2 protein chains.
Amino acid sequence: MIRCGGRPRGRIDVARTRDIDKQRADLSAATWAVAAERGITGLTVRAVAERAGCTTGLVFHTFPAKRDLVAHARELLLRRAAARLDALEAEAASPREALRAVTVTLLTAPRSGEDEARVWVSFLAAAIADATIAEHHLRGNRALLARLGRLTRAVRPDWDDARHEQLGTGLAALTEGLNALSIFDAESYPAAQQVEAVERMLGQVDED
Amino acid sequence: MIRCGGRPRGRIDVARTRDIDKQRADLSAATWAVAAERGITGLTVRAVAERAGCTTGLVFHTFPAKRDLVAHARELLLRRAAARLDALEAEAASPREALRAVTVTLLTAPRSGEDEARVWVSFLAAAIADATIAEHHLRGNRALLARLGRLTRAVRPDWDDARHEQLGTGLAALTEGLNALSIFDAESYPAAQQVEAVERMLGQVDED
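The present account deals with the structure reproduced in this document. Because the structure is predicted, anything quoted here is derived from the model rather than measured. (Residues numbered from 1 in each chain as written. Chains lettered and ligands numbered in written order. Predicted model: local features only at pLDDT ≥ 70, side-chain atom pairs only at ≥ 80, totals over all residues. Heavy atoms only, no water.)

## Points about the relation of the copies chain A and chain B
Structural alignment of chain A on chain B gives an RMSD of 0.0 Å, achieved by rotating through 180° and translating 0.0 Å along the axis. Accordingly, the operation relating the two chain copies is best matched by a two-fold axis. When the interface residues of chain A are mapped onto chain B, 100% of them again lie at the interface, so the same face is used by both copies. (Least-squares fit on C-alpha atoms with pLDDT ≥ 70 in both. Contact = heavy atoms within 4.5 Å.)

## Structural notes on the interface of chain A and chain B
Counting from both sides, the interface comprises 42 residues of chain A and, opposite them, 42 residues of chain B. Roughly 3500 Å² is buried in total at the junction of chain A and chain B, and carbon and sulfur atoms are behind 66% of that figure. For the interface between chain A and chain B, the tally reads four salt bridges. For Arg142 of chain A, the salt bridge identified is with Asp185 of chain B, shortest N-O distance 2.6 Å. Counting across the chain A and chain B interface gives 11 residue pairs in polar contact (both at pLDDT 80 or more). Those elements that place two or more of their residues in the side of chain A that touches chain B are helix H1 (13–38), helix H6 (114–129), helix H7 (131–155), helix H8 (161–184) and helix H9 (191–202) of chain A. No other element matches the 14 residues that H8 of chain A contributes to the side of chain A that touches chain B. The residue inventory of the side of chain A that touches chain B, partitioned by class, reads 19 nonpolar, 12 polar and 11 charged. (Buried area = accessible area lost by both parts, 1.4 Å probe. Salt bridge = Lys/Arg side-chain N within 4 Å of Asp/Glu carboxyl O. Polar contact = N/O pair within 3.5 Å; in protein donor to acceptor, adjacent residues only side chain to side chain. Helix = DSSP H or I, 4+ residues; strand = E, 2+ residues; numbered from the N terminus. Nonpolar A, V, L, I, M, F, W, Y, C, P; charged D, E, K, R; others polar.)

Set out below in structure tokens:
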């Protein structure tokens, strides 16, 4: 269990700011853990309070409604993913290496990111009945497709748009499917086999 | 709105049996429609009754609890998919043609099966928090992998097991991902482009 940072009252301001930051970080970690375990449906103020070892009142203070918890989990998901992909692109020695690094890291299993896959699948399902979540989802996925398109264009400037789009959507879908299916059946989808499937599709940029 | 078959009482037995069958079919159609629109989370006795134009009491008579509705939607999903795949295999002129037909029909968009994709994604998310649904999901996916393995083995008996498993899980994951992502962004995932992505992966059986 994650403990909410509780210090006695009356400390100096610097310490209080640190307490508030700590408390937000604890609630954030608890939100993530509950979403990963029970899905967005089970992401309630009560469940987050229990996980964080806080009163529900304290959770309400930071996240007044369930929709605020959901928005926070969504924000965490996007922020983590974008930071990871940006770093890989920055470190890569060539466009081909950047494309490979970015695509392989979309797979959650090889980097023990199954929590992320569970939260993501849960958002997918929530998007069916919620227009706001559907809109967020669409924006997030378009940003990924734009990134993949930029990378494949750097590797294969000779290809036409249709060819880039075909590979970009294929890579996004293959990694999406591998993440979703391996959550429930890791045995049938070993991590190394997942990487191999992605590498084979990436091999298209080396053809012709 | 689907209407529940209501006849005046006192008819002969044959007519009554027909009425009961009609009523079950109406409730079944309503269950499917609600699951596709609102996901498993929104699949309630009240929603099904409203959709079918029945009292909730009548729905309770056939499906005493929400879990019975969910099980029924799941059963419909599996039965439809298996019947479609069996028919395609039976009609195919060669193992290669059977493999292509089965794999391409896993894609929902080209055959306007988006409802099915929505129900499926909803079950995926429900499986996160529900062990019974997770178990159903695992069995369904293993049956698909077994079918794909049987088909790729018929086409490429010279391959080793690892090669068959890699292609089978790749095809299952690619179609899964394309179905899930295109629900929310049909524009970025045109049906013809989805088929092309699948054909390219299938092309592996023609290599070497």
